[in-house]
Amino acid sequence: QQQVKQSPQSLIVQKGGISIINCAYENTAFDYFPWYQQFPGKGPALLIAIRPDVSEKKEGRFTISFNKSAKQFSLHIMDSQPGDSATYFCAARPDRDDKIIFGKGTRLHILP
Amino acid sequence: NAGVTQTPKFQVLKTGQSMTLQCAQDMNHEYMSWYRQDPGMGLRLIHYSVGAGITDQGEVPNGYNVSRSTTEDFPLRLLSAAPSQTSVYFCASSQPGYTDTQYFGPGTRLTVL
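The model shown is predicted, which means the values in this text are computed figures rather than measured ones. (Residues numbered from 1 in each chain as written. Chains lettered and ligands numbered in written order. Predicted model: local features only at pLDDT ≥ 70, side-chain atom pairs only at ≥ 80, totals over all residues. Heavy atoms only, no water.)

Turning to the layout of surface pockets, a few remarks are in order. To locate leftover empty space, one rolls a probe as large as a water molecule over the atoms. In this structure, the largest pocket encloses a volume near 830 Å³. Lining the largest pocket we find 33 residues, and of these Q38 and R107 of chain A together with Q37, V88 and R109 of chain B sit closest to its centre. Elements with a contribution of two residues or more to the lining of the largest pocket: β9 (86–94) and β11 (106–111) of chain A together with β4 (31–38), β9 (87–94) and β11 (108–112) of chain B. Classifying every residue of the lining of the largest pocket by side-chain character gives twelve nonpolar, 15 polar and six charged. (1 Å grid on protein atoms, 1.4 Å probe; cavity = no way out; pocket = protein on both sides within 12 Å on 5 of 7 lines; lining within 4 Å. Points joined across faces, edges and corners; volume = space filled by probe spheres on them. Helix = DSSP H or I, 4+ residues; strand = E, 2+ residues; numbered from the N terminus. Nonpolar A, V, L, I, M, F, W, Y, C, P; charged D, E, K, R; others polar.)

Below, the structure written as structure tokens:
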């Protein structure tokens, strides 16, 4: 069963616009929520992560918004650039577990 | 640090052949894992290890074997390759703790004919 649901599958945004990718989860035991970025031909790399004790985390143009009661979290990319074109994965890790569960990914394309 | 390395980068097999995908990390990480990535399916966990001598199954373990004789190495064996195993395979490592950042290798693209 899919424990982390990610949407949309693909997204096209104009340069300078805001890209928004959403994820939802069911397991309340999740305590760590990372986002990974993957460029073609490369392995995924950690972009930004959040724990459920805060509602927002910002690093440069990237922001995670976290809604614990709704069991949803999202990635916002401000001032999107063509270099942000990549596949983005949300993920979650249960408390006291080493395994990270990934969403199915969103292919983001920023138009120049 | 080289990080996580994987060999080979590309491989073509015939149905029924066996092979080993190599993975090594030089960060002294306890946790290592193998994922396969297929279009529209995201990253699916095949096998993982929490330390030398300890392995366990992930979401899609059938047709694959692993072993962990050292902290550094975590090879993935395909016992009898099938076309359904055509995929891109990623190895990852992490040090369990507060953040648990997983570091991924560059991947092996496997085609089974």
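Taken as a whole and judged by the stated rule, the model has 18 aromatic pairs over all chains. On the numbers, 5.9 Å between centres and 40° between planes, the contact of Y31 of chain B with Y48 of chain B is tilted. Of this pair, Y31 of chain B sits in strand β4 while Y48 of chain B sits in strand β5 (residues 42–51), placing them 17 residues apart in sequence. Summarising the burial analysis for this pair, Y31 of chain B and Y48 of chain B share the class buried. These aromatic residues form a ring-pair network of at least three members: Y25, F30, F33, W35, F66 and F73 of chain A. (Phe/Tyr/Trp six-rings, centres within 6.5 Å; stacked < 30°, edge-to-face > 60°. Buried < 20%, exposed > 50% of the residue type's maximum accessible area, 1.4 Å probe, protein only.)

Bringing the state of the cysteines into the picture now. All names here are of chain B. Inspection of the entire model under this criterion finds two disulfides over all chains. A disulfide bridge connects C23 with C91, and the sulfur atoms are separated by 1.8 Å. Disulfide C23-C91: torsion about the S-S bond near -70°, hence left-handed. Of this pair, C23 sits in strand β3 (residues 19–25) while C91 sits in strand β9, and the two are 68 residues apart along the sequence. Per residue, the accessibility class of C23 equals that of C91, and both read buried. (Disulfide = S-S within 2.5 Å.)

Turning our attention to the sheet that holds strand β7 (residues 64–66) of chain B. All names here are of chain B. Strand order in the open sheet formed by four strands is β1-β3-β8-β7, and the pairing between neighbours is antiparallel. With one partner strand each, in any of the chains shown, β1 (4–7) and β7 form the two edges of the open sheet. Taking the axes of each pair of neighbouring strands and ignoring which way they run, one obtains an average angle of 20° across the sheet. Direction of pairing for β7 relative to strand β8 (residues 76–78): antiparallel, over a ladder of three bridges. Within β8, the position partnered with N65 by the bridge is R77. (Pairing = 2+ DSSP bridges. Axes fitted to C-alpha atoms, helices over the stretch in contact; angles between N-to-C directions.)

The subject of this paragraph is the nonpolar core. Residue and element names in this part refer to chain A. The biggest cluster of nonpolar side chains holds 24 residues, and the ones touching the most others in it are F33, W35, F73, L75, Y88 and L108. When contributions to this core are tallied by element, the ones reaching two or more residues are β2 (10–14), β3 (19–25), β4 (30–38), β5 (45–50), β7 (62–67), β8 (72–77), β9 and β11. Contacts of L75, omitting those with residues within four sequence positions, involve S19, I20, I21, W35, L47, I48, F62, T63 and Y88. (Core = buried A, V, L, I, M, F, W, Y, C linked by side-chain atoms within 4.5 Å. Contact = heavy atoms within 4.5 Å.)

Let's shift gears to unusual backbone geometry. Going from S7 of chain A to P8 of chain A, the amide bond is cis rather than trans, its omega being -5°. Mapped onto the fold, P8 of chain A is located in the loop between β1 (4–7) and β2. Even without being a glycine, K71 of chain A presents a positive backbone phi close to 55°. Along the chain, the position of K71 of chain A falls in the loop between β7 and β8. When its relative accessible area of 22% is taken as the criterion, K71 of chain A is described as partly exposed. Phi is positive for N28 of chain B, which is not a glycine, with a value near 60°. A relative accessible area of 56% places N28 of chain B in the exposed class.

All names here are of chain A. As for its placement among the helices and strands, T106 is situated in strand β11. Separated by 2.5 Å, the side chain of T106 and the backbone oxygen of P8 make a polar contact. Here T106 is in contact with Q6, S7, P8, Q9, S10, L11, I21, A86, T87 and Y88, once residues within four sequence places are set aside. (Polar contact = N/O pair within 3.5 Å; in protein donor to acceptor, adjacent residues only side chain to side chain.)

Our focus in this paragraph is the interface of chain B and chain A. Tallying the contact residues gives 21 residues for chain B and 19 residues for chain A. Carbon and sulfur atoms make up 53% of the area that chain B and chain A hide from each other, which totals about 1,700 Å². Our enumeration of links across chain B and chain A arrives at zero salt bridges. Elements with a minimum of two residues in the side of chain B that touches chain A: β4 and β5 of chain B. Counting residues per element, the side of chain B that touches chain A draws most heavily on β5 of chain B, at five residues. (Buried area = accessible area lost by both parts, 1.4 Å probe. Salt bridge = Lys/Arg side-chain N within 4 Å of Asp/Glu carboxyl O.)

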